[in-house]
Amino acid sequence: ETGVTQTPRHLVMGMTNKKSLKCEQHLGHNAMYWYKQSAKKPLELMFVYNFKEQTENNSVPSRFSPECPNSSHLFLHLHTLQPEDSALYLCASSQDRLAFNEQFFGPGTRLTVL
Amino acid sequence: AQKITQTQPGMFVQEKEAVTLDCTYDTSDPSYGLFWYKQPSSGEMIFLIYQGSYDQQNATEGRYSLNFQKARKSANLVISASQLGDSAMYFCAMREGGYGQNFVFGPGTRLSVLP
């Protein structure tokens, strides 16, 4: 595997379910990110991890819980979601948090909350 | 406040022709980076090209070039010789200088290449 991978690619869940999204990067990067992409809205940054430490939580509701066990893996744990949480969730990584390093994105998980 | 503006929600271009996608930005930081990403229907965001605020030359990457006009705060993407596979959403993004600043993305432009 190369680049940034995400599983699952598609997820349908009820509001009472608990599920997790997984992201893995094979680029040796130190920073990882979760973004939410809703229809007709710009990308929204959710969480940032740098060297496994969470450095940013962009006022995300507590029903989204991130976990970064090491620099290569990032999880997003979901519980008691709402229908408005249906979106494409994108994971990204970058070498570090310097301004001029591009972010590499995974293919995303398309989440539908019923 | 929105920092990236992409005024073209949708664009059409004939195959093999060139197309310009507009992007304007707002920052008071003299040091920043500008990025363009392509998002096909599959969902993955693909990095295309980067321009630094201190770069003297316009960035080019194959068929992609960035028309950087610093005084006007514009960073338009030019795609030459459009191909059917270029049909996608295109996002302009900016990251201000310094350590730890986040990307800010524009709303995107949907490009459709016609055969």
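Further up the page is the structure itself.
Model, not experiment: these values are computed from the prediction.

**A few points about the interface of chain B and chain A**
Move 1: Taken together, the contacts link 25 residues of chain B with 25 residues of chain A.
Move 2: Carbon and sulfur atoms make up 53% of the area that chain B and chain A hide from each other, which totals about 1,900 Å².
Move 3: Looking only at chain B, the three residues that lose the most surface to chain A are R95(B), Y99(B) and N102(B), adding up to 30% of its buried area.
Move 4: In this assembly, chain B and chain A are joined by zero salt bridges.

**Comments concerning the packing of aromatic side chains**
Move 1: Summed over the entire model, instances satisfying the criterion amount to 14 aromatic pairs over all chains.
Move 2: Taking the centre distance of 6.3 Å and the plane angle of 65 degrees together, the rings of Y37(B) and F103(B) count as edge-to-face. With a gap of 66 residues between them, Y37(B) in strand 5 (residues 32-39) and F103(B) in strand 11 (residues 103-105) connect regions that are remote in the sequence.
Move 3: Looking at Y37(B), the relative accessible area reads 0%, which means it is buried.
Move 4: Taken together, Y33(A), Y35(A), F105(A), F35(B), Y37(B), F47(B), Y50(B), F103(B) and F105(B) form an aromatic cluster joined through their ring pairs.

**Details of the pairing of strand 9 (residues 87-94) of chain A**
One face of the sheet, then the other: side chains in a regular strand alternate in exactly this way.
Residue and element names in this part refer to chain A.
Move 1: With eight of eight residues buried, strand 9 lies mostly within the body of the structure.
Move 2: Of the two faces of strand 9, both are covered, the one formed by A87, Y89, C91 and S93 as well as the one formed by L88, L90, A92 and S94.
Move 3: When strand 4 (residues 31-37) meets strand 9, the two strands line up antiparallel, connected through seven bridges. Looking at the pairing, W34 lines up with C91 of strand 9.

**A few points about the pattern of salt bridges**
Residues and elements named next belong to chain B.
Move 1: Counted under the stated rule, the structure contains five salt bridges over all chains.
Move 2: K73 serves as the salt-bridge partner of D26, at 3.7 Å between the closest nitrogen and oxygen. Of this pair, D26 sits in the loop between strand 4 (24-25) and strand 5 while K73 sits in the loop between strand 8 (64-69) and strand 9 (74-79), and the two are 47 residues apart along the sequence.
Move 3: Accessibility expressed as a relative area gives 29% for K73, which makes it partly exposed.
Move 4: One salt bridge connects R63 with D86, and the closest N-O pair in it is separated by 2.8 Å. Taken as a pair, R63 in the loop between strand 7 (60-61) and strand 8 and D86 in the loop between strand 9 and strand 10 (88-96) lie far apart in primary sequence, 23 residues in all.
Move 5: Judged by relative accessible area, which is 2%, D86 ranks as buried.

**Considering the side chain of Q51(B)**
Residue and element names in this part refer to chain B.
Move 1: Examined against the element boundaries, Q51 turns out to sit in strand 6 (residues 46-52).
Move 2: Since its relative accessible area comes to 0%, Q51 is described here as buried.
Move 3: Here Q57 takes part through its backbone oxygen, which lies 2.9 Å from a polar atom of the side chain of Q51.
Move 4: One polar contact links the side chain of Q51 to the main-chain amide nitrogen of A59, over a distance of 2.8 Å.
Move 5: The contact partners of Q51, leaving out residues within four places of it in the chain, are Y32, G33, L34, Q57, N58, A59, L66 and F68.

**Regarding a nonpolar patch on the surface**
Move 1: A grouping of F51(A), L98(A) and Y99(B) is seen on the molecular surface, where their side chains present a nonpolar patch of about 320 Å² in accessible area.
Move 2: Mapping F51(A) onto the fold places it in the loop between strand 5 (44-50) and strand 6 (53-57).
Move 3: Look at F51(A) and you get partly exposed, because its relative accessible area is 45%.

Cut-offs used in this document
Residues numbered from 1 in each chain as written. Chains lettered and ligands numbered in written order. Predicted model: local features only at pLDDT ≥ 70, side-chain atom pairs only at ≥ 80, totals over all residues. Heavy atoms only, no water. Contact = heavy atoms within 4.5 Å. Buried area = accessible area lost by both parts, 1.4 Å probe. Salt bridge = Lys/Arg side-chain N within 4 Å of Asp/Glu carboxyl O. Phe/Tyr/Trp six-rings, centres within 6.5 Å; stacked < 30°, edge-to-face > 60°. Helix = DSSP H or I, 4+ residues; strand = E, 2+ residues; numbered from the N terminus. Buried < 20%, exposed > 50% of the residue type's maximum accessible area, 1.4 Å probe, protein only. Pairing = 2+ DSSP bridges. Polar contact = N/O pair within 3.5 Å; in protein donor to acceptor, adjacent residues only side chain to side chain. Patch = residues over 30% accessible without salt bridge, like charges linked within 9 Å, V, L, I, M, F, W, Y side chains within 5 Å. Areas by Shrake-Rupley, 256 points an atom, 1.4 Å probe, with all protein chains shown as cover.

Keep in mind that these numbers describe shape and distance, not what the molecule does.
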